[in-house]
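If you want the building blocks of each chain, they are given just below.
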Amino acid sequence: MFRKLSIVAFAAALAAAPLPVLAQSKKDSVVMAMTLEPPGLDPTNAAAAAIAEVTLYNVYETLTKINEDGSVSPLLAESWTASSDLKTYTFKLRKGVKFHNGEPFDSAAVKFSFERNAAATSTNKDKSLFQAFEKVEAPDADTVVITVKYSEPNLPFLLGQASSSIVEPKSAATNVTQPVGTGPYQLGAWAKGSSITLNKWADYRNASAIKLSKVTIRFISDPAAQAAALLSNDVDAFPRIATRVVAQFKSDPRFTVLIGGSRAKTIVAINHRKKPLDDVRVRRAILAAIDRKALIDGAVEGFGTPIGSFYTPGSPGYVDTTGINPYDPEKAKKLLAEAGVTTPLELSLKLPPPPYARQGGEIVAAQLAKVGIVAKIENVEWAQWLSQVFGPTGPHNFDLTVVSHVEPFDLVKITEPDYYLGYNNDAFNALYKQIVSTPDEASRAKLLGDAQRMLATDAVSAYLFQPQWPTVTNKKLKGVWKEVPQFENDFSTWYWE
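For clarity, every value in this text was computed on a predicted model and none was experimentally measured. (Residues numbered from 1 in each chain as written. Predicted model: local features only at pLDDT ≥ 70, side-chain atom pairs only at ≥ 80, totals over all residues. Heavy atoms only, no water.)

Visitor: Please give an account of the pattern of salt bridges that cites residues and values.
Guide: Evaluated as defined, the whole model comprises 22 salt bridges. Salt-bridge contacts for D42 lead to R116; the nearest nitrogen and oxygen are separated by 3.1 Å. Of this pair, D42 sits in the loop between β1 (29–34) and α2 (49–55) while R116 sits in helix α3 (residues 107–118), and the two are 74 residues apart along the sequence. Judged by its relative accessible area of 1%, D42 is buried. The salt bridge partner of E330 is K333, with a shortest N-O separation of 3.4 Å. (Salt bridge = Lys/Arg side-chain N within 4 Å of Asp/Glu carboxyl O. Helix = DSSP H or I, 4+ residues; strand = E, 2+ residues; numbered from the N terminus. Buried < 20%, exposed > 50% of the residue type's maximum accessible area, 1.4 Å probe, protein only.)

Here is the structure:
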């Protein structure tokens, strides 16, 4: 009897005891990789898209949030209303929000952020947008009223971009290396040249919804090394991985391959400040020498759609302008002759690090050589490209360059007098002003078509393709976006299955 009771007691004790861990608990950290290291961590003072890839919606937040499908939803603003002429927007702010340093988020921080972006000394890539704000008012702590000088139906979208991140006034000056925002993550460490670590912020207003406690971001520019890092499980996700390595992952059951659309425009930018590139016949000759299809196949393994202007399929008012400057090498030679150009014409071709630029540049140079244009390739690091080629104050020291402009709705850039292209066309500027002062959608779409045709006819750049961005992830990692309405990695949606 005693033995029976002992057995029963033992069984009961066993049932009450904690069960052994039979399966590994869900991971709460992730290692992501990206091609380029950001030059700093303040998205409001530099143009590099890599800054947004690390910080947008993670460290910093914006009034609105751009979702995967391109729609806009509330973030730091709970709601907003617009006047009938789309010139005045009133935002009601989320209450009880704090910055990482404990300072309160309120209308004063929003007003400070936007006025800082518009200042004469600002280096914000969208400075012209903020300078178009006639006034930013803060009637109370929870309300912001923005009055724009023209109709801007896209303002809620634009205020969801990294350049519109809300910064804390006292810490803004040191955000490049010590970022302070309202987002769910804080900077843990930055090993320059290697990685950045973001740690979950315990005091985030909705911390329980954030599944990852730590995100490590590694920087891997070489395509072969990108693939090796995934295959060895050193990296869990690689958004916008080099296209040449994608095929090997499609049939591997350990991985998910996502092919996303974008609003990006990959171009051969032409410096109009340099002779003979100020002659439209020379620019048209460059365009006629380039076979877009061959370039898309060779540079990005077919992950792209041809474009003929600084605008992409799927955008409001898009028109197909690829027929304005078709591939025609014989026409290219005739145009050069008409312009009085003696061949061979030597031009510099500066290429930043991304594989699409380096591979694409080689193909562009080979195609140009067939019509008598010698493109002398110079590979430059991203920081050099930003300062020498793109920088708003010059020196714009280039003839040609290959780059992908990833921001949607950036036609306004063409109107900026210091923009790196040096186009400066009064007729286009007047047309753009007409676009932004036209609230009627149908009328605006027609004017947008006119703008696209003007840029194509003037051969402002050699417009190549709208890229598709491939992402490769561990099969068990979920919540990673497929579509790429802008460059971002929203870690708040990521989790392990």
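Visitor: Report on the UniProt feature "domain: Solute-binding protein family" (unreviewed entry) in the protein, specifying residues and quantitative values.
Guide: When the UniProt feature table is mapped onto this chain numbering, "domain: Solute-binding protein family" (unreviewed entry) sits at residues 72–388. The distance separating the terminal C-alpha atoms of residues 72–388 is 35 Å; by composition the span is 27% helix and 25% strand. (UniProt positions renumbered as here; feature names shortened; annotations may be inferred.)

Visitor: Tell me about the sheet that holds strand β5 (residues 88–93), and please be specific about residues and values.
Guide: The strand order across the open sheet formed by 4 strands is β4-β5-β7-β6, and the pairing between neighbours is antiparallel. Here the strands that pair on one side only, and so sit at the sheet edges, are β4 (77–82) and β6 (133–140). Ignoring which end each strand starts from, the neighbouring axes of this sheet average 20° apart. Sitting on the sheet, α3 touches β5, β6 and β7 (143–148), and the angle it makes with β6 is about 165°. (Pairing = 2+ DSSP bridges. Axes fitted to C-alpha atoms, helices over the stretch in contact; angles between N-to-C directions. Contact = heavy atoms within 4.5 Å.)

Visitor: Residue-level account of the pairing of strand β8 (residues 185–191), with values.
Guide: With 6 bridges joining them, β8 and strand β9 (residues 195–200) adopt antiparallel strand pairing. Paired with W190 across the two strands is I196, which belongs to β9. Connecting the antiparallel pair β8 and β9 is a turn made up of 3 residues, with G193 showing a positive phi of about 85°.

Visitor: Describe the nonpolar core, naming the residues involved and giving the relevant values.
Guide: Judged by nonpolar contacts, the single largest core of 127 residues is most densely connected at L63, F114, F133, I146 and Y420. Take this core: its biggest share by element is 6 residues, from helix α8 (residues 280–289). Excluding residues within four positions of it along the chain, F114 makes contact with L63, F130, F133, V136, I146, L159, S164 and I166. (Core = buried A, V, L, I, M, F, W, Y, C linked by side-chain atoms within 4.5 Å.)

Visitor: Give a description of the packing of helix α9 (residues 292–300) against helix α11 (residues 355–369) that names residues and reports values.
Guide: Running from N to C, α9 and α11 point in directions that differ by 140°, and their axes come no closer than 8 Å. Looking at the two axes, α9 sits oblique to α11. Handedness of the α9/α11 crossing: right-handed. Along its contact with α9, which presents A294, L295, G298, A299 and V300, the element α11 presents Y356, Q359, G360, I363, V364 and Q367. (Parallel < 35°, antiparallel > 145°, perpendicular 65-115°, else oblique. Left-handed = near helix turned anticlockwise from the far one by under 90°.)

Visitor: Talk me through the sheet that holds strand β15 (residues 345–351); I want residue IDs and the actual numbers.
Guide: Judged by pairing direction, the sheet is mixed, and its 6 strands sit side by side in the order β14-β18-β13-β17-β15-β16 without closing on themselves. With partners counted over all chains shown, the strands left at the sheet margins are β14 (304–306) and β16 (373–379), one partner each. Averaged over neighbouring strand pairs, the angle between their axes works out to 30° when direction is ignored. In this structure, strand β13 (residues 265–270) lies alongside strand β18 (residues 461–467), joined through 4 bridges in antiparallel fashion. Within β18, the residue paired with V268 across the bridge is A462.

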